[in-house]
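So the chains spell out like this:
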Amino acid sequence: MLALTLEEFMVELNDGSIKNVGPKNKSATVKLFDVESAEAREFGDKRVKLVFEDEDDNEIQVSLFPDDVRKIADDIEALEDDSPVFE
């Protein structure tokens, strides 16, 4: 299931083209639940791309620098040691 929340979002649709309307203060939150597949792969010369997909073919891709990936790996390792999630 993909949940998408858009804040202060308004666009103009005119002759098949989408155009930003108003100030550039838009933000979005995307959540993907019930992930069926997850993978990490190289993205360019300096980044890692994490790709998550659910059974409905909704997909989220996240590009991170190696330091950020290491931080996430450390967080997961800490959860494995301390959290009942991994029991």
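Read on for an overview of the structure. (Residues numbered from 1 in each chain as written. Predicted model: local features only at pLDDT ≥ 70, side-chain atom pairs only at ≥ 80, totals over all residues. Heavy atoms only, no water.)

### A closer look at the environment of phenylalanine 86
Piece 1. Relative to the helices and strands, phenylalanine 86 resides in the segment after α1 (66-82).
Piece 2. Given the relative accessible area of 45%, phenylalanine 86 is considered partly exposed.
Piece 3. For the pair phenylalanine 86 and isoleucine 76, spaced 10 residues apart in sequence, the C-alpha separation works out to 9.8 Å.
Piece 4. With residues up to four places along the chain from it excluded, the contact list for phenylalanine 86 reads Ile76, Leu79 and Glu80. (Helix = DSSP H or I, 4+ residues; strand = E, 2+ residues; numbered from the N terminus. Buried < 20%, exposed > 50% of the residue type's maximum accessible area, 1.4 Å probe, protein only. Contact = heavy atoms within 4.5 Å.)

### A short note on the pairing of strand β7 (residues 59-64)
Piece 1. Sheet topology note: the strand β6 (residues 47-54)/β7 ladder contains 6 bridges and is antiparallel. In the strand pairing of β7, phenylalanine 52 is matched with isoleucine 60.
Piece 2. Following β6, the chain reverses through 4 residues before pairing antiparallel with β7; aspartate 57 in that reversal takes a positive phi of roughly 65°. (Pairing = 2+ DSSP bridges.)

### Observations concerning the pattern of salt bridges
Piece 1. Applying the stated criterion across every chain, the model contains 3 salt bridges.
Piece 2. For aspartate 75, the salt bridge goes to lysine 71, with nearest N and O atoms at 2.9 Å. Of this pair, aspartate 75 and lysine 71 both sit in helix α1, 4 residues apart, which is roughly one turn of that helix.
Piece 3. Take aspartate 75: its relative accessible area is 37%, and that puts it in the partly exposed class. (Salt bridge = Lys/Arg side-chain N within 4 Å of Asp/Glu carboxyl O.)

### Some thoughts on unusual backbone geometry
Leaving glycine aside, a negative phi is the common case for residues, and trans is the common case for peptide bonds.
Piece 1. Positioned with a positive phi, aspartate 15 is a non-glycine residue whose angle comes to about 55°.
Piece 2. Within the secondary structure, aspartate 15 sits in the loop between β2 (11-14) and β3 (17-20).
Piece 3. Here aspartate 34, not a glycine, exhibits a phi torsion of approximately 55°, which is positive.
Piece 4. Looking at where aspartate 34 falls in the secondary structure, it is placed in the loop between β4 (27-32) and β5 (35-43).

### With respect to a nonpolar patch on the surface
Piece 1. Taken together, the side chains of Leu2, Leu4, Leu6, Phe9, Val11, Leu13, Ile18 and Val30 define a hydrophobic patch exposed on the protein surface, amounting to about 770 Å² of accessible area.
Piece 2. Counting residues per element, the ones that place at least two in the nonpolar patch are β1 (2-7) and β2.
Piece 3. The element that contributes the greatest number of residues to the nonpolar patch is β1, accounting for 3 residues.
Piece 4. Structurally, leucine 13 is set in strand β2.
Piece 5. For leucine 13, a relative accessible area of 65% translates into the label exposed. (Patch = residues over 30% accessible without salt bridge, like charges linked within 9 Å, V, L, I, M, F, W, Y side chains within 5 Å. Areas by Shrake-Rupley, 256 points an atom, 1.4 Å probe, with all protein chains shown as cover.)

### Quick word on the environment of proline 84
Piece 1. Relative to the assigned elements, proline 84 resides in the segment after α1.
Piece 2. Here proline 84 falls in the exposed class, since its relative accessible area comes to 59%.
Piece 3. Each C-alpha atom of the pair proline 84 and aspartate 45 lies 37 Å from the other, and the pair is 39 residues apart in sequence.

Functional significance is not addressed by these values, which are geometric in nature.
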